[in-house]
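# Structural overview
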Amino acid sequence: FLACGIGNIHGVYPADWAGLSFERLGEIKAQTGDLPLVLHGGTGIPEDQIKKAISLGISKINVNTDLQLVFAKGVREYIEAATRKYIEAGKDLEGKGFDPRKLLKPGRDNIVARTKELMEEFGSVNKA
């Protein structure tokens, strides 16, 4: 596998991001032949650009920032709800509301749901 740089970056893309360089991707693919190519920094790249990159040889797309963001959102929502509903009434200590698994479950559930969405978007469902 080769992780190629074609305008992709790690993290959240700035508003003025210029997009992927498909010309550069074509040049890299021409030099690497059948070697699978990886796109680091896939979070936030528009779906049409992702699909074009796949059609031009990208085999793996890293979307860790995307999954971190949805995880944090789920945990934040759990904490906000717990604060309103339980902590103010002291009920966070009842029924194991303090259990870290309960705190982390919404984040995990968000990662699972988002991963399924991305698998559909990338066309990788039912592929090994």
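Preceding block: the structure.
Presented here is a report on the structure given in the accompanying data block. Just so we're clear, the structure is a prediction, and the values are computed from it rather than from any experiment.

### Considerations on the nonpolar core
Counting 18 residues, the largest nonpolar core has Cys 4, Ile 6, Leu 20, Leu 25, Leu 39, Ile 58 and Ile 61 as the members making the most contacts within it. At three residues, the largest contribution of residues to this core is made by helix α1 (residues 22-32). When sequence neighbours within four positions are dropped, the list of residues in contact with Cys 4 reads Leu 25, Ile 28, Leu 37, Val 38 and Ile 58.

### Concerning the sheet that holds strand β2 (residues 37-39)
In space, the three strands of this open sheet follow the order β1-β2-β3, with parallel pairing throughout. The two strands at the open ends of the sheet, each matched to only one other strand, are β1 (2-3) and β3 (58-61). By the bridge criterion, three bridges tie β2 to β3 in an arrangement that is parallel. Across the sheet, the residue bridging to Leu 37 is Ile 58, located in β3. Strand contacts of α1: β1, β2 and β3, with the helix running at about 150 degrees to β2, the strand carrying the most contacts.

### Examining unusual backbone geometry
Non-glycine residue Asn 126 carries a positive phi angle of around 65 degrees. Asn 126 gets classed as exposed once you look at its relative accessible area, which sits at 78%.

### Looking at the side chain of Asn 8
Looking at the secondary structure, you find Asn 8 in the loop between β1 and α1. Within polar-contact distance, the side chain of Asn 8 engages the backbone oxygen of Cys 4 at 3.4 Å. Here His 40 takes part through its backbone oxygen, which lies 2.7 Å from a polar atom of the side chain of Asn 8. Setting aside chain neighbours within four positions, we find Asn 8 in contact with Tyr 13, Leu 20, Leu 39, His 40, Gly 41 and Ile 45.

Analysis parameters
Residues numbered from 1 in each chain as written. Predicted model: local features only at pLDDT ≥ 70, side-chain atom pairs only at ≥ 80, totals over all residues. Heavy atoms only, no water. Core = buried A, V, L, I, M, F, W, Y, C linked by side-chain atoms within 4.5 Å. Buried < 20%, exposed > 50% of the residue type's maximum accessible area, 1.4 Å probe, protein only. Helix = DSSP H or I, 4+ residues; strand = E, 2+ residues; numbered from the N terminus. Contact = heavy atoms within 4.5 Å. Pairing = 2+ DSSP bridges. Axes fitted to C-alpha atoms, helices over the stretch in contact; angles between N-to-C directions. Polar contact = N/O pair within 3.5 Å; in protein donor to acceptor, adjacent residues only side chain to side chain.

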